[in-house]
Amino acid sequence: MIKFVLLLLPVFLGVFVFVYFFLRRSLRAFSLDTSNIKVKIALIAISLALTLLSFNISSMLTVFLLHLMGIDLFLRLVVFIFNKFIKPKETKIFNNLKKIYKSGIVSILAVAVLLVFGYFNLQNVKATEYSISTNKDIRDEGYRVLLIADMHYGVSLDFDELTRKCAEMSEFDPDIVVLCGDIVDNGTSPEEMQALFKALGGIKSKYGIFYVYGNHDRSMRLLESEFGDDDLQKAITDNGIKILRDEVITLNDEFTVVGREDRSRERKTVFELQKDIDENDYVLVLDHQPSE
């Protein structure tokens with residue numbers, strides 16, 4: 001926890017300073033006296049409390065504050081450029097608009113709309129289909145690959161919806177299923193993790209289900225999960241899912257799958273992994289954070 005605080009101290013200081021001046025600006029927009037010592041102490045106390053609560057970087061409060069910082073700073077830049085180059089006249093309408101902007105209402109509403117839109121998308125998972133052609137000499141019908149990534153289970157979907165989605169995915173009749181990382185994160189409970197991989201392991205596929213780690217699946221250096229890396233690995237493999245950590249597998253002597261360790265960990269280069277692959281094979285590289 002000490003390392004976590006020290007590493008992100010500049011961020012937390014930024015949050016504190018932002019919240020303090022944002023609240024002070026909002027009060028001034030409503031003609032409240034912020035020079036009063038009691039008001040200043042109250043603003044400092046509220047800003048400090050919100051900053052301390054934001055230490056849980058996966059909480060909705062932290063997400064809200066960071067989005068609010070980004071949007072409000074962007075709006076400040078827009079207003080600065082507008083005033084610098086347009087130089088609007090001081091009319092009643094303009095002054096009212098300026099008061100609304102300074103109150104912070106616009107920034108808060110913008111964040112609220114963005115988060116509601118994001119939540120809606122999380123709860124409405126849809127399939128996207130891609131058709132890829134190749135000159136490689138593989139079977140005429142090709143291969144149907146079903147890819148799932150960034151579920152962060154516990155944030156998106158509930159178990160009933162997950163079960164329905166897994167049934168739908170089986171109906172796609174995939175040749176292989178690939179889970180490309182961040183299927184769980186530090187906010188996923190051990191019970192959710194066990195239920196998740198039991199459901200995912202039940203997706204029907206001809207050649208199996210393959211898993212590559214993302215940067216959030218396993219315990220992070222600064223944030224511990226409620227389950228250990230060994231527990232996660234066991235839950236995955238016990239449900240018939242094959243983990244690929246810098247490993248290569250070949251199907252039907254023509255279709256090769258390369259599963260990379262995540263770039264947040266020590267790993268082989270893609271060139272090292274390629275060296276023993278038949279150049280006539282069609283190669284699918286699984287990498288949560290694609291690079292090289």
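Residues numbered from 1 in each chain as written. Predicted model: local features only at pLDDT ≥ 70, side-chain atom pairs only at ≥ 80, totals over all residues. Heavy atoms only, no water.

Engineer: An account of the overall build of the chain is requested, with residue identities and associated values reported.
Structural biologist: Assigned secondary structure in the chain consists of ten helices and seven strands. Relative to the globule expectation of 19 Å for 292 residues, the C-alpha radius of gyration of the chain, 25 Å, shows a markedly less compact shape. Overall, the chain is about 75 × 45 × 40 Å in size when its C-alpha atoms are taken along their principal axes. Relative to its 292 residues, the chain shows a buried fraction of 36%. (Helix = DSSP H or I, 4+ residues; strand = E, 2+ residues; numbered from the N terminus. Rg over C-alpha atoms; globule rule 2.2 N^0.38 Å. Buried < 20%, exposed > 50% of the residue type's maximum accessible area, 1.4 Å probe, protein only.)

Engineer: If you had to explain the sheet that holds strand β4 (residues 241-243) to someone new, which residues and values would you point to?
Structural biologist: The strand order across the open sheet built from four strands is β1-β2-β3-β4, with neighbouring strands paired in parallel fashion. In the strand order of this sheet, the two ends are held by β1 (145-148) and β4, each with one partner. The sheet shows a mean angle of 25 degrees between the axes of neighbouring strands, direction not considered. Here three bridges tie strand β2 (residues 176-179) to strand β3 (residues 209-211), and the two strands are oriented parallel to one another. Residue pairing for β3: valine 177 is matched across the bridge by isoleucine 209. (Pairing = 2+ DSSP bridges. Axes fitted to C-alpha atoms, helices over the stretch in contact; angles between N-to-C directions.)

Engineer: Before we move on, could you go through the pairing of strand β5 (residues 247-251) and cite the residues and values that matter?
Structural biologist: Note: β5 against strand β6 (residues 255-259), five bridges, orientation antiparallel. Opposite leucine 251, over in β6, you have phenylalanine 255 as the bridge partner. Hairpin connection from β5 to β6: three residues lie between these consecutive antiparallel strands, with asparagine 252 at a positive phi of about 55 degrees.

Engineer: Describe the environment of isoleucine 183, listing the residues and the values that go with them.
Structural biologist: Tracing the chain through its elements places isoleucine 183 in the loop between β2 and α8 (190-201). It is 15 Å that separates the C-alpha atoms of isoleucine 183 and glycine 228, two residues lying 45 residues apart in sequence. Non-local contacts of isoleucine 183, meaning those with residues more than four positions away in its chain, are made with Ile148, Ala149, Asp150, Met151, His152, Tyr153, Leu196, Phe197, Leu200, Tyr211 and Asp217. (Contact = heavy atoms within 4.5 Å.)

Engineer: Lay out the packing of helix α2 (residues 9-29) against helix α4 (residues 60-85) in plain terms, naming residues and giving numbers.
Structural biologist: Interaxial distance between α2 and α4 falls to 11 Å at its minimum, and their mutual angle equals 60 degrees. It follows from the interaxial angle that α2 and α4 lie oblique. In terms of crossing hand, the pair formed by α2 and α4 is left-handed. For the pair formed by α2 and α4, the contact residues are Gly14, Val15, Phe18, Val19, Phe22 and Arg25 on the first element and Leu65, Leu66, Leu68, Met69, Asp72 and Arg76 on the second. (Parallel < 35°, antiparallel > 145°, perpendicular 65-115°, else oblique. Left-handed = near helix turned anticlockwise from the far one by under 90°.)

Engineer: Lay out unusual backbone geometry in plain terms, naming residues and giving numbers.
Structural biologist: Of note, aspartate 182 is a non-glycine position whose phi angle comes to about 55 degrees, a positive value. Residue placement: aspartate 182 occurs in the loop between β2 and α8. A relative accessible area of 2% places aspartate 182 in the buried class. Although it is not a glycine, aspartate 246 adopts a positive phi angle of roughly 55 degrees. Exposure remark for aspartate 246: the relative accessible area of 14% places this residue in the buried category.

Engineer: How would you explain the nonpolar core if you had to name every residue and give the values?
Structural biologist: Side chains of nonpolar character tend, in soluble globular proteins, to be buried together. Ranked by size, the top nonpolar core spans 27 residues in total, and within it Ile148, Leu179, Ile183, Leu196, Phe197, Leu200 and Tyr211 carry the most contacts. Going through the elements one at a time, β1, α7 (159-171), β2, α8, β3, α9 (229-238) and β4 are the ones with two or more residues in this core. Broken down by element, this core gets its largest block of residues, five residues, from α8. Ile138, Tyr143, Leu244 and Leu286 belong to the second-largest nonpolar core, a separate cluster that totals 13 residues. (Core = buried A, V, L, I, M, F, W, Y, C linked by side-chain atoms within 4.5 Å.)

Engineer: Go over a nonpolar patch on the surface with me, naming the residues and quoting the values.
Structural biologist: On the surface, Phe30, Leu32, Ile93, Leu97, Ile100, Ile105, Val106 and Leu109 cluster together into a nonpolar patch covering about 770 Å² of accessible area. Secondary structure elements with two or more residues in the nonpolar patch: α5 (92-103) and α6 (105-123). Along the chain, valine 106 falls in helix α6. (Patch = residues over 30% accessible without salt bridge, like charges linked within 9 Å, V, L, I, M, F, W, Y side chains within 5 Å. Areas by Shrake-Rupley, 256 points an atom, 1.4 Å probe, with all protein chains shown as cover. Salt bridge = Lys/Arg side-chain N within 4 Å of Asp/Glu carboxyl O.)

Engineer: Tell me about the environment of asparagine 215, and name the residues and values.
Structural biologist: Among the secondary structure elements, asparagine 215 is positioned in the loop between β3 and α9. Linking asparagine 215 and methionine 69, residues 146 residues apart in sequence, is a C-alpha distance of 25 Å. At a separation of 3.2 Å, a polar atom in the side chain of asparagine 215 contacts the side chain of histidine 288. (Polar contact = N/O pair within 3.5 Å; in protein donor to acceptor, adjacent residues only side chain to side chain.)

Engineer: Account for the packing of aromatic side chains, with residues named and values stated.
Structural biologist: Tallied over the full model, the rule gives seven aromatic pairs. An angle of 70 degrees between the planes, with centres 5.6 Å apart, marks the rings of tyrosine 211 and tyrosine 213 as edge-to-face. Looking at tyrosine 211, the relative accessible area reads 0%, which means it is buried. Members of the aromatic cluster, joined through ring pairs, are Tyr143, Tyr207, Phe255 and Tyr282. One cation-aromatic arrangement involves arginine 139 over tyrosine 143; the distance from NZ or CZ to the ring centre is 4.1 Å. Arginine 218 extends its terminal NZ or CZ atom over the ring of tyrosine 213, reaching a point 4.0 Å from the ring centre. (Phe/Tyr/Trp six-rings, centres within 6.5 Å; stacked < 30°, edge-to-face > 60°. Lys NZ or Arg CZ within 6 Å of the ring centre and 35° of its normal.)

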